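Here is how the chains run, residue by residue.
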Amino acid sequence: MILTDDEKAMLDGKEGKTRQKAIEFLVKYGTALGAERLVNTNNVGGYMIADRASYRKFGSFDALFSLTGLDSEETLEFPKVKAFSCQFETDMDPEYCDIEGKDEEDYRRFKANEEWLSKIGVQLMCTCTPYLVGNVPVKGEHCAWMESSAVVYINSVLGARTNCEGNTSTTAAMLTGKIPYWGFHTDEHRLGSHLVNVELKVEGLMEWGLLGYYIGKMVGEKVPVLDGIKIVPSRDELKQFGAATASSGGVEMYHIPGITADAHTVEEAFGGRTPAFTLKYGPEERKYAYEQLNMIGKNTDVDFVMFGCPHNSIQQVQEICDLLEGKRIKGGSSLWVLVPRAIKDLAKRNGYDKVIESAGGVLMSDTCPALGHLMPKGTRVLATNSAKQAHYLPSMMGIESWYGTTEECVNAAVTGRWEGALK
Amino acid sequence: MKTILHGRMVVGGCAEGEALVTSEMISGWGGVDPATGTVIELRHELHGQSFKDKVLVFPGAKGSSGWSGVFQSTRLNGSAPKAMLFNVMNSKIAVGAVVVHAPAMTDFDRDPLQLIKTGDWVRVDADKGVVEITSKD
């Protein structure tokens with residue numbers, strides 16, 4: 001790789017051992033990719049979570065994050081980050097230790113983890129959706145983000161430039177302000193590869209989830225271009241769509257010409273090239289996606305309903321509350337509504353926490369079931385409006401799951417029965 | 001019968017072992033149990049099989065950005081693959097390969113997914129960019 005003078009200086013240890021280790025990793029990583037150089041970044045998002053077992057084992061944040069963040073067996077002391085950096089989710093909401101099965105030790109560890117991150121200058125956004133709470137990259141901005149659902153959102157909808165980074169590459173990027181110039185940082189890599197002719201009207205969170213799940217399954221990690229979208233989707237629909245494509249497949253970038261950031265026309269999205277494949281999305285494909293997402297559900301006795309993967313926006317919380325108001329969820333069932341902390345504050349100002357609590361649910365922040373391995377005790381059957389959680393939770397937690405509309409999920413929480421169907 | 005494949009080094013080193021081949025992309029976080037190296041994605045063709053001490057031959061990495069973290073954990077738990085051969089490069093697998101510390105290669109002259117069968121004995125010399133396959137049949 002060709003390095004600039006400031007990068008060489010860091011590699012020579014002129015800025016200390018920790019930054020030296022960080023840039024050594026970035027050079028190895030860049031070499032693995034086949035990248036020719038690094039690029040400056042001032043917007044990094046990572047997960048530096050000390051889970052209970054790791055924290056017990058390593059005894060200090062520096063030791064743990066030296067290993068997971070810098071691939072270093074030797075414990076290095078972390079200086080302040082160089083790039084603007086934020087923490088994605090964590091593994092618990094400190095307000096709900098009881099429900100989550102967390103104890104005093106977990107609470108203290110969580111608080112200490114936050115303090116450590118704050119000390120090195122990492123913003124405690126604690127959400128998979130930093131773009132909902134103020135970190136909204138501009139078009140063309142070179143970023144280094146983890147979190148597949150956020151990566152596909154900022155690349156596609158906003159036109160920012162990031163690859164789907166990992167623990168080590170984001171930690172190294174925070175400390176150095178550098179990331180390999182490769183992949184979605186370059187114009188070439190952002191062009192479309194697969195054309196998807198969407199023959200149906202796509203409207204609503206569930207429909208966008210189905211479309212995303214189907215496309216991810218079909219294109220893997222390629223760059224799909226959607227043609228035929230007649231109704232401009234909302235931010236929340238695109239949030240759901242991208243998360244679904246990145247779960248069934250590995251989509252990090254897509255185009256909806258005229259709507260997403262990079263291209264105005266289908267031709268522009270392909271950069272004049274011919275699509276490698278052309279797919280269609282019609283009634284059969286929609287049905288296939290629905291069946292895939294519901295194949296793990298057999299038992300219709302739902303005991304857990306969750307909303308907020310990716311984390312809910314304030315509009316979504318409002319919609320849930322409109323459906324929930326005056327109702328009561330079935331005894332023995334649980335309802336979790338997950339949001340970033342900043343949106344929890346806003347929701348509280350609007351009284352939504354009361355609506356959710358009066359119905360028997362909870363408004364949680366900072367985490368999610370999949371990330372924190374958290375579920376109400378004894379959960380067997382989940383209902384969710386999130387394609388991503390419907391994809392992951394059965395594998396990770398050994399439960400059954402149902403995927404449907406927000407309304408179907410609210411009804412399942414109230415009646416304890418899944419009555420959703422593809423209409 | 002021996003077959004030779006040429007490719008590009010991703011992470012250097014030499015290793016050999018039995019091949020575990022899949023035509024499906026692998027999800028790390030939520031797709032693999034880091035304690036045992038077992039594929040846990042219910043919809044995956046390798047579901048229930050472990051890549052511990054195998055030469056893992058697969059198209060590439062998909063899914064969450066936690067891919068590299070899970071693969072790093074397999075190394076720390078002693079359940080990592082002995083080597084990784086894959087076709088599609090992306091950031092998830094590049095970070096993952098570096099932190100697994102095992103030899104890894106990509107950009108082959110012929111498709112390893114076609115040439116290598118599960119159970120074949122595979123010798124990987126990533127530094128030289130050579131893979132030697134001894135068919136089990």
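These numbers were taken from a predicted model, which means no experiment stands behind them.

**Quick word on the pattern of salt bridges**
Two side chains bearing opposite charge may form a pair once their charged atoms approach each other closely. Residue and element names in this part refer to chain A. Evaluated as defined, the whole model comprises 38 salt bridges over all chains. Its salt-bridge partner being glutamate 15, residue lysine 82 comes within 2.8 Å of it at the nearest N-O pair. Residue lysine 82 is found in the loop between helix 4 (61-70) and strand 3 (85-87), and its partner glutamate 15 is found in the loop between helix 1 (5-11) and helix 2 (17-33); the two are separated by 67 residues along the sequence. Residue glutamate 15 is classed as partly exposed on the basis of its relative accessible area, which comes to 32%. Here the salt bridges share partners, and the residues they tie into one network are Arg52, Arg56, Asp91, Asp103, Glu105, Asp106 and Arg109.

**Focus on the side chain of threonine 367 of chain A**
All names here are of chain A. Structurally, threonine 367 can be placed in the loop between strand 12 (362-365) and helix 17 (369-372). Residue classification places threonine 367 among the buried residues on the basis of a relative accessible area of 0%. Non-local contacts of threonine 367, meaning those with residues more than four positions away in its chain, are made with Glu89, Thr90, Asp91, Met92, Asp93, Glu100, His311, Leu338, Gly372 and Leu374.

**Topic: the pairing of strand 14 (residues 400-403) of chain A**
Where a strand is regular, its side chains alternate between the two sheet faces. Residue and element names in this part refer to chain A. As judged from the four bridges shared by strand 13 (residues 381-384) and strand 14, these two strands associate in the parallel manner. If you follow leucine 382 over to strand 14, its bridge partner there is serine 401. After leaving strand 13, the chain enters helix 18 (residues 387-397) and then returns to the sheet as strand 14, a path that is right-handed.

**Concerning the UniProt feature "domain: Phosphomevalonate dehydratase large subunit-like" (unreviewed entry) in chain A**
The feature "domain: Phosphomevalonate dehydratase large subunit-like" (unreviewed entry), as annotated in UniProt, sits at residues 1-411 of chain A in this numbering. Helix makes up 44% of residues 1-411 of chain A and strand 13%, and the two end C-alpha atoms of the span are 57 Å apart.

Definitions and cut-offs
- Residues numbered from 1 in each chain as written.
- Chains lettered and ligands numbered in written order.
- Predicted model: local features only at pLDDT ≥ 70, side-chain atom pairs only at ≥ 80, totals over all residues.
- Heavy atoms only, no water.
- Salt bridge = Lys/Arg side-chain N within 4 Å of Asp/Glu carboxyl O.
- Helix = DSSP H or I, 4+ residues; strand = E, 2+ residues; numbered from the N terminus.
- Buried < 20%, exposed > 50% of the residue type's maximum accessible area, 1.4 Å probe, protein only.
- Contact = heavy atoms within 4.5 Å.
- Pairing = 2+ DSSP bridges.
- Right-handed = clockwise from strand over helix to strand, strands pointing away.
- UniProt positions renumbered as here; feature names shortened; annotations may be inferred.

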